[in-house]
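Topology and contacts: notes
Take a look at the letters that make up each chain.
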Amino acid sequence: MRPSEYVTYRRISEAKLLLLHSNTPIAKIGMKCGFPDPRYFSTVFKHHEGMSPMEYRKNIGKKCSNILQHNI
């Protein structure tokens, strides 16, 4: 993995955590993770995760909630 790929991987990983564990607007999450342009953040995120940040927050967050509720 090239250094630039690693940096992007780490940025997306951080964004995923923030998307699931905060109500911070997606554009602010992108900026916080080093993507000053929201459209570029969405494009890169979708390339890595196969869905937009909004879809990730809705779909993965819902699955996590269901798993947690089921295990309680």
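Note that the structure is predicted; figures quoted are calculated from it, not measured.

Thoughts on the pattern of salt bridges
All told, the structure shown has two salt bridges when counted by the stated rule. Across the salt bridge formed by Glu-5 and Arg-2, the nearest N and O atoms sit 3.2 Å from each other. Relative accessible area serves as the criterion here: at 34%, Glu-5 is assigned to the partly exposed category.

Digging into a nonpolar patch on the surface
On the surface, a nonpolar cluster with roughly 460 Å² of combined accessible area is contributed by Met-1, Tyr-6, Val-7 and Tyr-9. As for its position among the elements, Tyr-6 is in helix 1 (residues 3-21). For Tyr-6, a relative accessible area of 43% puts it in the partly exposed group.

A few points about the environment of Tyr-40
Among the secondary structure elements, Tyr-40 is positioned in helix 3 (residues 38-49). Accessibility expressed as a relative area gives 48% for Tyr-40, which makes it partly exposed. Taking the C-alpha atoms as reference points, Tyr-40 and Gly-30, ten residues apart in sequence, are found 8.9 Å from one another.

Details of the nonpolar core
One finds Ile-12, Ala-15, Leu-18, Leu-19, Ile-29, Cys-33, Phe-35, Phe-41, Val-44, Phe-45, Met-51 and Tyr-56 forming the largest nonpolar core, which totals twelve residues. If you list the elements that add at least two residues to this core, you get helix 1 and helix 3. Element by element, the count of residues in this core is highest for helix 1, at four residues. Non-local contacts of Ala-15, meaning those with residues more than four positions away in its chain, are made with Ile-29, Cys-33, Phe-41 and Phe-45.

What counts and how
Residues numbered from 1 in each chain as written. Predicted model: local features only at pLDDT ≥ 70, side-chain atom pairs only at ≥ 80, totals over all residues. Heavy atoms only, no water. Salt bridge = Lys/Arg side-chain N within 4 Å of Asp/Glu carboxyl O. Buried < 20%, exposed > 50% of the residue type's maximum accessible area, 1.4 Å probe, protein only. Patch = residues over 30% accessible without salt bridge, like charges linked within 9 Å, V, L, I, M, F, W, Y side chains within 5 Å. Areas by Shrake-Rupley, 256 points an atom, 1.4 Å probe, with all protein chains shown as cover. Helix = DSSP H or I, 4+ residues; strand = E, 2+ residues; numbered from the N terminus. Core = buried A, V, L, I, M, F, W, Y, C linked by side-chain atoms within 4.5 Å. Contact = heavy atoms within 4.5 Å.

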